[in-house]
Amino acid sequence: MTDTKRVGSVAYATRDKDYFAKRGLERYAGIWSLWALGVGAVISGHFSGWNFGFATGGWGGMLVAGGIIAIMYMGLVSSIAEMSPALPHTGAAYSFARTSMGPWGGFVTGLFENVEYVLTPAVIVTFISGYFGSITGMDTSLYPILWIVFYAVFLALNIYGVALSYKVTLVVTLISLAVLVVFWISAIPNMDFGRWALNIGVGADGKAVELPEGNGSWFPFGWQGVLATLPFAVWLFLAIEQVPLAAEESVDPKRDLPRGILLGFATLVLSAFMIVLLNPSVNGIGSFALGTSLEPLLDGFRAIYGDAGATVLGIVALTGLIASFHTILYAQGRQVYSLSRAGYFPSALSVTHEKYKTPHIAMISGALLGLAVMLIIWFANGGGGGGETQLGDDIIGTVLLNMAVFGAMLSYIMQALSFIILRRNQPNIERPFRSPLGIPGAIVTIIIAAITLYYQMQDPNFFKGVIWVVLWCAVGIVYFAAIGRNKLILSPEEEFALAHKA
């Protein structure tokens, strides 16, 4: 018989050892595995997505927006580098908020992060289809088949053992960085910064126009353009915060989690600067063309090496998108697993594979949800029309990407708040690493995330997708209020939070 204990507005059901035995994880990850998990999750954003910011801010607007977003992430990663070894549980953002703000704070934060991790793989696999279609000439009406194939293959790689998953992550991340380095080296002798990077002007309608001779303003849209570009600059760092989800699969989380997070962030800062500088500066490319491109890196390779050379390099360049797709599927599974193990989501989702000790049900469920969202948006926007749909404008730039960034910004605000509350209310928790930026760094993160959300809302197509995110969160909150809060389970995150209740 299950005992129930009420604590405030929630009730906990105790579970025997068999419950947790069916939900066991395997420790494998060291510092370089964690570094690869963080870099691999983000690296696709250096291959596609970030470049849409040229259309709203010009080259200088993209550079400054990238710098502002880098400051936001510096505050965020410093905060989670402190919290993750202090609370070394798979729950990550949910665990931080649960300990600092109680069950409701933990659940709402978990919902926001769930939006990010379910939808980000959907955005990335659409970029994959864009690259693949550009290389092979595949009809766009066949893209959904490609999405299903990629989901199936990389779910399998994630399910068949944590060691295999991390080895694949490390290999594809290293290959992705190698592809970027090859591009940087190739681009430097083929760049004309003034002519191509500065080829955006402002038309009579206030929108970007191409300057035939280049040498335009760094900031054609002024400071408003810089701020409007913030949501696209997020793509240069989005998902670095997933590293703490590996806490219970890390060999030494108190030592390796902070190192893996910070080393990964430093790698991404260097890569982001190089790609923003070089990709639009290549002769024959330019910021204007990249502002609407689904495959900016492939465009750069094509301009340097011609179609034949670019095809080979383009196939290799797919590894960057694959790295992020693979690693965020990993994070999606752990995030759903942690909320399910604690009873916030149905507990059946947290059962791990008997042999491979991976949360296969959580990963499959999250993937099916993300794929369903993609297909609904695809067909609602005429995606079955034999290639007539503008994939980048109609599906990624205005719907899926907005939805993923919206969830991420809300999650960042909650994680930074968690850091501030934990510092103030629970100073005696053991902290193997302390953020050098402290509370001021977390406050800056909140401010920049809030500004990014505000400017994201200025996109006229913002509400096409985000209204469904709001609805998802509303349904989740109603479920938790009516049912979920009475079915919580004393998982490691919950026991830690109750033991350290301020």
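For the structure itself, look to the data block above.
All residue numbers refer to position in the chain's written sequence, counted from 1. Note on the predicted model: pLDDT of at least 70 is required for a residue's local features to be given, and 80 or more for side-chain atom pairs to be given and counted; whole-chain, interface and lining totals, by contrast, use all residues. Each side-chain value is worked out from all heavy atoms of the structure, with water and hydrogens disregarded.

(A) How the structure looks around the overall build of the protein. Labels follow the DSSP assignment, with helices taken as runs of H or I lasting at least four residues and strands as runs of E lasting at least two, numbered in each case from the N terminus. Secondary structure assignment for the protein yields 17 helices and 5 strands. Scaling as 2.2 N^0.38, a compact globule of 502 residues should have a C-alpha radius of gyration of about 23 Å, and the protein matches this with 22 Å. Over its C-alpha atoms, taken along the principal directions, the protein stretches across nearly 75 × 45 × 40 Å. Only protein chains enter the calculation, and the probe is 1.4 Å; a residue is then buried if its accessible area is under 20% of its type maximum, exposed if over 50%, and partly exposed in between. Within the span of the protein, comprising 502 residues, buried residues form 61% of the whole. Here, residues are in contact when the closest pair of their heavy atoms is within 4.5 Å. Within the protein, counting contacts between residues at least 6 apart in sequence, those at least 24 apart form 82% of the total. Computation of the radius of gyration draws on C-alpha atoms alone. For the globule rule, the value is 2.2 Å times the number of residues to the power 0.38.

(B) Inspection of the layout of surface pockets at higher detail. Buriedness for pockets is judged along seven lines, at least five of which must meet protein on both sides within 12 Å for an open set on the 1 Å grid over protein atoms alone, while cavities are sets there where a 1.4 Å probe fits but cannot get out, and lining residues have an atom within 4 Å of a point. Grid points are joined across faces, edges and corners, and a volume is the space filled by probe spheres set on the points. Computed from the structure, the second largest pocket encloses a volume of approximately 450 Å³. What lines the second largest pocket is a set of 20 residues, among which Val373, Ile377, Met403, Gly465 and Trp468 lie closest to the centre. Polarity classes work like this: nonpolar for Ala, Val, Leu, Ile, Met, Phe, Trp, Tyr, Cys and Pro, charged for Asp, Glu, Lys and Arg, and polar for all others, with Gly in that last group. Its residues assigned to classes, the lining of the second largest pocket shows 16 nonpolar, 3 polar and 1 charged.

(C) View of the packing of helix α4 (residues 93-136) against helix α17 (residues 492-499). Taken N-terminus to C-terminus, the directions of α4 and α17 make an angle of 25°; their axes are 8 Å apart at the nearest point. It follows from the interaxial angle that α4 and α17 lie roughly parallel. For α4 against α17, the interelement crossing comes out right-handed. Taking contact as the criterion, the partners of Tyr94, Ser95, Arg98 and Thr99 in α4 are, on α17, Glu493, Glu494, Phe496, Ala497 and Leu498. For the contact of α4 with α17, the class distribution of residues is 4 nonpolar, 2 polar and 3 charged. Angles run from 0 to 180 degrees between N-to-C directions of axes, and those axes are lines fitted to C-alpha atoms, restricted for helices to the stretch in contact. For this classification, under 35 degrees means roughly parallel, over 145 means roughly antiparallel, 65 to 115 means roughly perpendicular, and everything else is oblique. Each helix crossing is assigned a hand: it is left-handed if the near helix lies turned anticlockwise from the far helix by less than a right angle, otherwise right-handed if that turn is clockwise.

(D) Local environment of the environment of alanine 247. Locating alanine 247 in the fold gives a position in the loop between α9 (230-233) and α10 (253-278). Judged by its relative accessible area of 1%, alanine 247 is buried. On a C-alpha basis, the gap between alanine 247 and proline 88 in space is 5.2 Å, while along the polypeptide they are 159 residues apart. Not counting residues up to four positions away in its chain, the partners in contact with alanine 247 are Arg27, Pro88, His89, Thr90, Pro253 and Leu257.

(E) Main features of a nonpolar patch on the surface. The patch calculation keeps residues exceeding 30% relative accessible area without a salt bridge and links them within 9 Å when they carry like charges or within 5 Å when they are nonpolar (Val, Leu, Ile, Met, Phe, Trp, Tyr). We get accessible surface area from the Shrake-Rupley algorithm with a probe of 1.4 Å; when it comes to residues, only the shown protein chains can shield them. A pair is scored as a salt bridge if a Lys or Arg side-chain nitrogen falls within 4 Å of a carboxyl oxygen belonging to Asp or Glu. Taken together, the side chains of Ile467, Trp468, Val470, Leu471 and Val475 define a hydrophobic patch exposed on the protein surface, amounting to about 500 Å² of accessible area. With respect to the element layout, isoleucine 467 can be found in helix α16 (residues 462-482).

(F) Quick look at unusual backbone geometry. The residue asparagine 215 is not glycine, and still its phi comes out positive at about 55°. Within the element layout of this structure, asparagine 215 appears in the loop between β4 (208-210) and α8 (222-228). At alanine 239, a residue that is not glycine, the phi angle is positive and equals roughly 95°. Turning to its location among the elements, alanine 239 is positioned in the loop between α9 and α10.

(G) Quick look at the sheet that holds strand β1 (residues 4-7). Here, any two strands with at least 2 DSSP bridges between them count as paired. Strand order in the open sheet made by the 3 strands is β1-β2-β5, with mixed pairing throughout. Strands at the two margins of the open sheet, each flanked by one partner only, are β1 and β5 (488-489).

(H) Structural detail: the nonpolar core. What makes a nonpolar core is a set of buried Ala, Val, Leu, Ile, Met, Phe, Trp, Tyr and Cys residues whose side-chain atoms join them at distances within 4.5 Å. Ranked by internal contacts, the top residues of the largest apolar core, which has 160 residues, are Tyr73, Phe183, Leu297 and Met409. In this structure methionine 409 touches Met72, Tyr73, Val234, Ala449, Thr452 and Leu453, once residues within four positions along its chain are discounted.

(I) Representation of empty space enclosed by the protein. Under the counting rule described, the total for this entry stands at 2 cavities of 30 Å³ or more. In this model, the largest cavity occupies a volume close to 50 Å³. What lines the largest cavity is simply Glu82, Met83, Ala86, Leu87, Phe419, Leu422, Ile429 and Arg431. Looking at the lining of the largest cavity, the elements that each hand over two or more residues are α3 (54-86) and α14 (391-425). Counting residues per element, the lining of the largest cavity draws most heavily on α3, which supplies 3 residues.

(J) Seen up close, the packing of helix α2 (residues 31-42) against helix α6 (residues 162-187). Following both chains from N to C, one finds α2 and α6 inclined at 60°, their axes separated by 9 Å at the closest point. On the basis of their axis angle, the class for α2 and α6 is oblique. Two packed elements cross with a definite hand, and for α2 against α6 that hand is left-handed. Residues Trp32, Ser33, Leu34, Trp35, Ala36, Leu37, Val39 and Gly40 of α2 form the contact with α6, whose own contacting residues are Tyr166, Thr169, Leu170, Thr173, Leu174 and Leu177.

(K) Up close: the packing of aromatic side chains. Two aromatic rings from Phe, Tyr or Trp, using only the six-membered ring of Trp, form a pair when their centres are within 6.5 Å; if the ring planes differ by under 30 degrees the pair is stacked, by over 60 it is edge-to-face, and anything between is tilted. By the definition in use, this model includes 25 aromatic pairs. The interplanar angle of 80° and the centroid separation of 6.3 Å between the aromatic rings of phenylalanine 52 and phenylalanine 232 together place this pair among those described as edge-to-face. One end of the pair, phenylalanine 52, is in the loop between α2 and α3; the other, phenylalanine 232, is in helix α9, and 180 residues separate them in sequence. Taken as a pair, phenylalanine 52 and phenylalanine 232 share a single burial class, namely buried. Here the aromatic rings of phenylalanine 154 and phenylalanine 325 are separated by 6.0 Å at their centres, their planes lie at 85°, and the arrangement is edge-to-face. Within this pair, whereas phenylalanine 154 is found in helix α5 (residues 143-159), its partner phenylalanine 325 is found in helix α12 (residues 296-341), the two being separated by 171 residues in sequence. The buried category is assigned to phenylalanine 154, whose relative accessible area is 9%. Relative accessible area serves as the criterion here: at 0%, phenylalanine 325 is assigned to the buried category. An aromatic cluster is defined as three or more aromatic residues linked by ring pairs; in this entry it consists of Tyr94, Trp104, Phe107, Tyr344, Phe345 and Phe480.

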